[in-house]
Amino acid sequence: MTATPRWVPRIDTPRRALEQQSSGPLNGPSVVDLSFAALGVDGLFLEVSCTAAAWVTFYDSMAARTADAARPIGEDPPPSAGVLLDLRFSAATPTLKLAPGSSYSNGESPLQQRLWARLRTELAGAHTANLAVLALVLNDSVAG
């Protein structure tokens, strides 16, 4: 009798992933908290785009995003604050290709397949901001 092979599910990493989020309808300068669930646990940011003039900050945990709420835009975050990336978009620069090594890693315990972001739009009047992240996902697994 032959033993039945035990299959391990395939994890397709590294892989490129594109995840898009929308702010929904906004009026005037606004702050919107977003989360990205399709970018795995660890990876590299390749390109980020935003359809509105805005500041976008990515975080390794929800706690880091909450703790960063009062930081002025012009001030750098303290070391080890959980801020992964701080980007500014304008009408002239709606897409930013990031330098090699712009990495991310989930900082939650236990690990999650999630990144958190805060979008701060600068537009007056009614608008919607669409944010897109192209990443090279290096790890999907949350198992230790």
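No experiment lies behind these values; they were computed from the predicted model shown.

Peer 1: Looking at this structure, I do not really get the overall build of the chain. What am I missing?
Peer 2: Each helix and strand in the chain was counted, giving 1 helix and 11 strands. Start at the N end of the chain and walk to the C end: the helices and strands fall as β-β-β-β-β-α-β-β-β-β-β-β. The buried share among the 144 residues of the chain stands at 38%. Partitioning the contacts of the chain with sequence separation of at least 6, the portion at a separation of at least 24 is 84%. As presented, the chain carries roughly 8300 Å² of accessible surface, and 56% of it is formed by carbon and sulfur atoms.

Peer 1: Any chance you could explain the sheet that holds strand S3 (residues 31-36) here in plain terms?
Peer 2: The strand order S3-S9-S5-S6 describes an open sheet built from 4 strands, whose pairing is antiparallel. Two strands bound the open sheet, and with one partner strand each, they are S3 and strand S6 (83-89). Sheet twist, expressed as the mean angle between neighbouring strand axes with direction ignored, is 20°. The pairing of strand S5 (residues 54-59) with strand S9 (residues 115-121) spans 6 bridges and is classified as antiparallel. Across the sheet, residue Thr57 finds its bridge partner in S9, namely Arg118.

Peer 1: What am I meant to see in the nonpolar core here?
Peer 2: Nonpolar side chains tend toward joint burial in soluble globular proteins. Phe36, Phe45, Val48 and Phe58 are the most contacted members of the largest nonpolar core, which totals 26 residues. Looking at this core, the elements that each hand over two or more residues are S3, strand S4 (42-50), S5, S6, S9 and strand S11 (130-139). A total of 4 residues in this core trace back to one element, the largest contributor, which is S11.

Peer 1: How should I be thinking about the environment of Asn130 in this particular structure?
Peer 2: Its place among the elements puts Asn130 in strand S11. C-alpha of Asn130 to C-alpha of Ala52: the two residues are 78 residues apart in sequence and 7.3 Å apart in space. Residues in contact with Asn130, not counting those within four places in the same chain, are Gln21, Ser22, Ser49, Cys50 and Thr51. A polar side-chain atom of Asn130 sits 3.1 Å from a polar atom in the side chain of Ser22.

Peer 1: Would you explain the pattern of salt bridges in this entry?
Peer 2: Side chains that differ in charge, positive against negative, can pair when their charged atoms come close. Within the structure shown, the criterion is met by 7 salt bridges. Where Arg71 meets Asp68, a salt bridge forms, and the shortest distance between an N and an O atom there is 2.5 Å. The exposure classification of Arg71 matches that of Asp68, with both residues buried. In this structure, Arg71 and Asp86 form a salt bridge, with 3.0 Å as the shortest nitrogen-oxygen distance.

Peer 1: Please explain the environment of Ala17 as it appears in this structure.
Peer 2: Within the secondary structure, Ala17 is located in strand S1 (residues 15-22). Note: C-alpha distance between Ala17 and Leu46 (29 residues apart in sequence) is 9.7 Å. For Ala17, the contacting residues outside a window of four places in its chain are Ala38, Leu39, Val133, Leu134, Ala135 and Val137.

About the thresholds
Residue positions are given per chain, counting from 1 as you read along its sequence in written order. Predicted model: local features are reported for residues with pLDDT of at least 70 only, side-chain atom pairs are reported and counted for 80 or more only, and whole-chain, interface and lining totals are derived from all residues. Heavy atoms throughout the structure, all of them, feed into the side-chain values; hydrogens and water do not. Numbered from the N terminus, helices here are DSSP runs of H or I no shorter than four residues, and strands are runs of E no shorter than two. Any residue under 20% of the maximum accessible area for its type is buried, any over 50% is exposed, and the rest in between are partly exposed; the area is computed with a 1.4 Å probe on protein chains only. A contact between two residues is defined here by any heavy atoms of the two lying within 4.5 Å. Using the Shrake-Rupley algorithm and a 1.4 Å probe, accessible areas are obtained, with residue cover drawn only from the displayed protein chains. Criterion used throughout: strands pair if DSSP finds at least two bridges between them. Each axis is a line fitted through C-alpha atoms, taken for helices only over the stretch in contact, and angles between the N-to-C directions span 0 to 180 degrees. Within this scheme, the nonpolar core is defined by two criteria: the residues are buried Ala, Val, Leu, Ile, Met, Phe, Trp, Tyr or Cys, and they are joined through side-chain atoms within 4.5 Å. Distance and chemistry together define a polar contact, namely a pair of N or O atoms within 3.5 Å, with one atom able to donate a hydrogen and the other to accept it when in protein, and with adjacent residues in sequence counting only for side-chain atoms on both sides. A carboxyl oxygen of Asp or Glu within 4 Å of a side-chain nitrogen of Lys or Arg is what we treat as a salt bridge.

Function-wise, these values are silent; they only describe arrangement.
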